[in-house]
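In case you want the letters, here they are:
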Amino acid sequence: MFSTDPNKSLVFLAYDTLCRINIEPPDNKDGWGILKKAQEIAYQVEKTLSMYDETSELSDICRNYLPNVKYPISKMLFEFIHLNLLIAEKTDGLFDPTVGKVIKLWDF
């Protein structure tokens, strides 16, 4: 059940999805401040890693990539790419983080 207390629940749109965060804030803590910080983090993840947002950092690097050219990237994007490559390695390529163009082509 979702809370109706505005200090314990927040609904917003991110990732082209309706998001809802519910919390039970610790005693003497500002529940609304915690919810707003979580929303800010969600927006930052979307702005950095969304392949559907042409202005995201991930979309920008995919669009402008050139072999042997170094690009400055955020810590979040670096860790995301590193984790994807690690999972691809651990699954012997069964997980393939390079299928983005196919996903867009097939409109998933």
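The structure contained in this document is the topic of the report that follows. (Residues numbered from 1 in each chain as written. Predicted model: local features only at pLDDT ≥ 70, side-chain atom pairs only at ≥ 80, totals over all residues. Heavy atoms only, no water.)

1. Some points on the overall build of the protein
Then comes step 1: Along the backbone of the protein there are 4 helices and 2 strands.
Then comes step 2: Taken from N to C terminus, the helices and strands of the protein fall in the order β-β-α-α-α-α.
Then comes step 3: Contacts spanning at least 24 positions in sequence make up 33% of the contacts within the protein whose residues lie at least 6 apart. (Helix = DSSP H or I, 4+ residues; strand = E, 2+ residues; numbered from the N terminus. Contact = heavy atoms within 4.5 Å.)

2. A closer look at the packing of aromatic side chains
Then comes step 1: For the structure on display, the rule yields 2 aromatic pairs.
Then comes step 2: Relative to tyrosine 43, the ring of phenylalanine 12 lies with its centre 5.5 Å away and its plane at 75 degrees, an arrangement referred to as edge-to-face. In this pair, phenylalanine 12 is assigned in strand β1 (residues 9-14) and tyrosine 43 in helix α1 (residues 31-49), connecting sequence segments 31 residues apart.
Then comes step 3: You can call phenylalanine 12 buried: its relative accessible area is 6%.
Then comes step 4: For tyrosine 43, a relative accessible area of 34% gives the class partly exposed. (Phe/Tyr/Trp six-rings, centres within 6.5 Å; stacked < 30°, edge-to-face > 60°. Buried < 20%, exposed > 50% of the residue type's maximum accessible area, 1.4 Å probe, protein only.)

3. Details of the pattern of salt bridges
Then comes step 1: Counted according to the given criterion, the structure contains 5 salt bridges.
Then comes step 2: The closest approach of N and O atoms between glutamate 40 and lysine 37, which form a salt bridge, is 4.0 Å. On the criterion of helical spacing, the pair formed by glutamate 40 and lysine 37 is a turn pair, its members being 3 residues apart in helix α1.
Then comes step 3: Owing to a relative accessible area of 48%, lysine 37 belongs among the partly exposed residues under this scheme. (Salt bridge = Lys/Arg side-chain N within 4 Å of Asp/Glu carboxyl O.)

4. Regarding α1
Then comes step 1: The terminal C-alpha atoms of α1 lie 27 Å apart, and with 19 residues this matches the ideal 27 Å at 1.5 Å per residue to within 8%.
Then comes step 2: Every buried residue belonging to α1 is among Gly31, Leu35, Gln39, Ala42, Thr48 and Leu49, and all of these are buried.
Then comes step 3: Elements that come into contact with the buried residues of α1 comprise β1, β2 (17-22), α2 (57-64) and α3 (75-90). (Expected span 1.5 Å × (residues − 1).)

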